[in-house]
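# Summary of structural features
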Amino acid sequence: MNPNHYQCIPENFWQGRIDDLEDYDAFRWHQIIEPINLLEDILVEKDGFGLLGFCCDDGVLQNLGRTGTSKGPNSIRKELSNLPCSFPTTTKIYDCGNIVAADVKLEDLQETLAKAVCEILKNGLFPIVLGGGHEIAYGHYKGIERFLEETNNESLGIFNLDAHFDMRPYDKGTSSGTMFAQIADDCKTKNKPFNYMVAGIQQYGNTVSLFKKADALKVKYLMAKDINSANMFNVGQELLRYAKKQENIYFTLCSDVISSAYAPGVSAPQPFGLHPEKVLKLIKMMIRSGKVIAFDIAEIAPRFDEDSRSSKLAAIIVFAVINSILEEKESY
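The text that follows walks through the structure, step by step, so that each part is easy to find. Treat the numbers as computed from the prediction; the structure is a model and nothing was measured.

### Some words on the environment of Leu-217
- Along the chain, Leu-217 falls in the loop between helix H6 (208-216) and strand S8 (220-223).
- Each C-alpha atom, one on Leu-217 and one on Phe-194, is 7.8 Å from the other, the two residues being 23 residues apart in sequence.
- Non-local contacts of Leu-217, meaning those with residues more than four positions away in its chain, are made with Met-167, Ala-184 and Phe-194.

### Observations concerning helix H7 (residues 232-244)
- For H7, with 13 residues, the first-to-last C-alpha span of 18 Å sits near the 18 Å given by 1.5 Å per residue.
- For H7, every residue scored as buried is listed here: Met-232, Val-235, Gly-236, Leu-239, Tyr-242 and Ala-243. Burial along H7 is one-sided: seen end-on, the buried residues are contained in an arc of 125 degrees. What points out from H7, more than 90 degrees from its buried face, is the exposed set Phe-233 and Lys-244.

### Quick look at the layout of surface pockets
- Within this model, the largest pocket holds a volume of roughly 250 Å³.
- Contributing to the lining of the largest pocket are 14 residues, with Phe-126, Val-292, Ile-293, Ile-325 and Lys-329 lying nearest its centre.
- Of all the elements in the fold, those that place two or more residues in the lining of the largest pocket are strand S10 (292-298) and helix H9 (309-330).
- The wall of the second largest pocket is formed by 16 residues, among which Asn-63, His-164, Arg-168, Asp-256 and Ala-268 lie closest to the centre.
- In terms of residue class, the lining of the second largest pocket is built from four nonpolar, six polar and six charged.

The rules behind these values
Residues numbered from 1 in each chain as written. Predicted model: local features only at pLDDT ≥ 70, side-chain atom pairs only at ≥ 80, totals over all residues. Heavy atoms only, no water. Helix = DSSP H or I, 4+ residues; strand = E, 2+ residues; numbered from the N terminus. Contact = heavy atoms within 4.5 Å. Expected span 1.5 Å × (residues − 1). Buried < 20%, exposed > 50% of the residue type's maximum accessible area, 1.4 Å probe, protein only. Arc of directions from axis to C-beta. 1 Å grid on protein atoms, 1.4 Å probe; cavity = no way out; pocket = protein on both sides within 12 Å on 5 of 7 lines; lining within 4 Å. Points joined across faces, edges and corners; volume = space filled by probe spheres on them. Nonpolar A, V, L, I, M, F, W, Y, C, P; charged D, E, K, R; others polar.

If you want it as structure tokens, here you go:
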């Protein structure tokens with residue numbers, strides 16, 4: 001991993017309100033987070049969580065989107081700081097630092113991300129990567145795939161909550177809109193299945209060509225208009241059918257899947273996006289499958305945010321992911 005593109009989080013970064021110094025039931029995240037350095041040999045307790053920031057919006061810029069997502073990871077961290085520790089005292093959450101862009105090609109930064117994710121998995125932690133543009137997905141996927149190849153070579157499916165397919169052609173360069181086309185081509189080269197499902201697709205946000213490409217690659221997708229209260233049982237069944245066929249699932253969430261009424265500070269705001277409650281239900285449905293081994297949230301752009309609403313929402317989503325994973329483990 002290139003040390004020029006990696007920064008540890010200062011130990012004094014995590015700060016917030018303190019209600020009690022001894023009663024764990026009164027603790028908040030900033031009181032239990034442990035910063036670690038991925039460049040050093042680290043010994044951590046297994047079955048914990050590793051937060052990693054991807055401070056980059058080069059892919060968003062190349063996709064002609066609204067830049068500012070490079071500030072997303074630390075903005076989400078600040079909102080996480082004061083959340084309650086509503087999990088067992090044995091739960092460990094480590095801050096694994098940030099991948100930072102510094103006069104480097106996007107592909108090189110994605111490779112650094114891949115190495116960092118692989119390292120987090122090798123240490124027995126569940127990666128939670130904070131974006132950053134959705135180009136985060138290519139590096140994150142490669143890191144998980146590399147870990148699986150080095151261990152048991154099990155297959156890897158992708159579940160994406162997103163308004164877009166992000167499968168645009170990349171012959172003229174990669175961006176935050178090309179990752180899953182890149183992964184599809186990599187799978188074809190390696191003779192691996194391309195198991196991609198995306199929920200929250202907007203008709204107006206994708207060209208006819210992209211729908212045809214998704215169909216040609218047998219991508220499973222759910223339209224945003226079909227994810228409603230009356231149809232949630234059927235949606236859940238679709239997710240379950242997909243999950244049952246996967247050995248492992250990489251779960252990625254682009255914040256533009258959420259209605260801009262609740263998430264204004266994103267790269268591509270969606271006025272007809274999903275209600276946050278529906279998003280949380282989808283998250284919990286997929287995590288209950290027991291197949292999810294990594295998660296990320298992308299495209300929070302603080303400079304467009306209003307009263308940090310989008311960062312707060314992202315923090316609550318991370319909070320829900322961790323608690324849902326712990327609940328799923330306890331059920332076995």
